[in-house]
Amino acid sequence: QLRLVESGGGLVHPGGSLRLSCAASGSRLDSYAIGWFRRAPGKNLESVLCVGRSNDDNFHAESVEGRFTISRDSAKNVVYLQMNSLKPEDTAVYYCAAGDFTSGVQMCLVAPLTKDNWGQGTQVTVSS
C-alpha cells in the first residue's frame, strides 16, 4: 500500500521560496504519475502541477507558470515541489498524490475525483 507524507510547509514572506517534499513508502513513486494540489481557505481544490509516469506530458496551473517546478529523487523515493516567487495567493494546504496514469494531464484531471493515494497535506502561508 502506497503511503505519502508531505513536509516542508511553513510561513514565508512574499517573494520567498519553499520546497515541499512528498516521501513515499510501500511502493516506488517511479511507477506513478505524480501531482501537487492545493486548497486555499474557502476555495475548491486546485491542481497545481502534475507529471506523467515518465516525467513527461506535464500539466501546470497558469497561476504557477515559471515559478513552481516538480522533480523526483528516485533514490530517496521522494517528489519535490519547488516554489519560488511566492505570492499571498499561494497560501493553501498543499497535497501530493500519486496515480496510475501515463500523463500528467490525466493525473491533474482525474486524481482529484478519485482521491486515491493522497498525503495528509502541509500548510503554506505567504504573508508579510
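All chains use their own residue numbering, which begins from 1 and follows the written sequence. Two thresholds apply to this predicted model, a pLDDT of at least 70 for residue-level local features and 80 or more for giving and counting side-chain atom pairs, whereas whole-chain, interface and lining totals are computed over all residues. The side-chain values count all of the structure's non-hydrogen atoms but skip hydrogen atoms and water molecules.

1. A look at the state of the cysteines
Part 1 of the argument: Defined by distance alone, a disulfide is two cysteine sulfur atoms within 2.5 Å. Summed over the entire model, instances satisfying the criterion amount to two disulfides.
Part 2 of the argument: Disulfide partner of Cys22: Cys96, at an S-S distance of 2.0 Å. Every disulfide takes its handedness from the sign of the S-S torsion; for Cys22 and Cys96 that torsion is 65 degrees, giving right-handed. Within this pair, whereas Cys22 is found in strand S3 (residues 18–25), its partner Cys96 is found in strand S9 (residues 92–99), the two being separated by 74 residues in sequence.
Part 3 of the argument: Here Cys50 connects covalently by a disulfide to Cys108, the sulfurs 2.0 Å from one another. Here the S-S torsion is close to 90 degrees, and the disulfide linking Cys50 with Cys108 is therefore right-handed. Note that Cys50 is positioned in strand S5 (residues 45–51) and Cys108 in helix H1 (residues 104–114), a separation of 58 residues in sequence. A run of H or I in DSSP counts as a helix once it spans at least four residues, and a run of E counts as a strand once it spans at least two, with each numbered from the N terminus.

2. Some points on the pattern of salt bridges
Part 1 of the argument: The salt bridge criterion pairs a side-chain nitrogen of Lys or Arg with a carboxyl oxygen of Asp or Glu, the two atoms within 4 Å. All chains considered together, the criterion is met by five salt bridges.
Part 2 of the argument: Between Arg28 and Asp30 there is a salt bridge, with the nearest N and O atoms lying 3.6 Å from each other.
Part 3 of the argument: Per-residue accessibility, obtained with a 1.4 Å probe over protein chains only, is compared with the maximum for each type, and a residue is labelled buried under 20%, exposed over 50%, and partly exposed between these values. We classify Asp30 as partly exposed; its relative accessible area is 35%.
Part 4 of the argument: For the salt bridge of Arg38 with Glu46, the shortest nitrogen-to-oxygen distance reads 2.7 Å.
Part 5 of the argument: Through salt bridges with shared partners, a single ionic network connects Arg38, Glu46, Arg67 and Asp90.

3. Notes on the environment of Gln120
Part 1 of the argument: With respect to the element layout, Gln120 can be found in the loop between H1 and strand S10 (122–126).
Part 2 of the argument: Residue classification places Gln120 among the partly exposed positions, given a relative accessible area of 47%.
Part 3 of the argument: With sequence-adjacent residues up to four places away left out, Gln120 is seen in contact with Leu4, Val5, Glu6 and Tyr95. Should any heavy atoms of two residues lie within 4.5 Å, those residues are considered in contact.

4. Structural notes on H1
Part 1 of the argument: Listed as buried for H1 are Gly104, Met107, Cys108 and Ala111. Axial view of H1: buried residues confined to an arc of 95 degrees, hence all on one face. Within H1, the exposed residues directed more than 90 degrees away from the buried face are Leu109 and Leu113.
Part 2 of the argument: Packed against the buried residues of H1 are strand S4 (33–39), S5, strand S6 (59–60) and S9. In this description, the arc belongs to the directions extending from the helix axis to the C-beta atoms.

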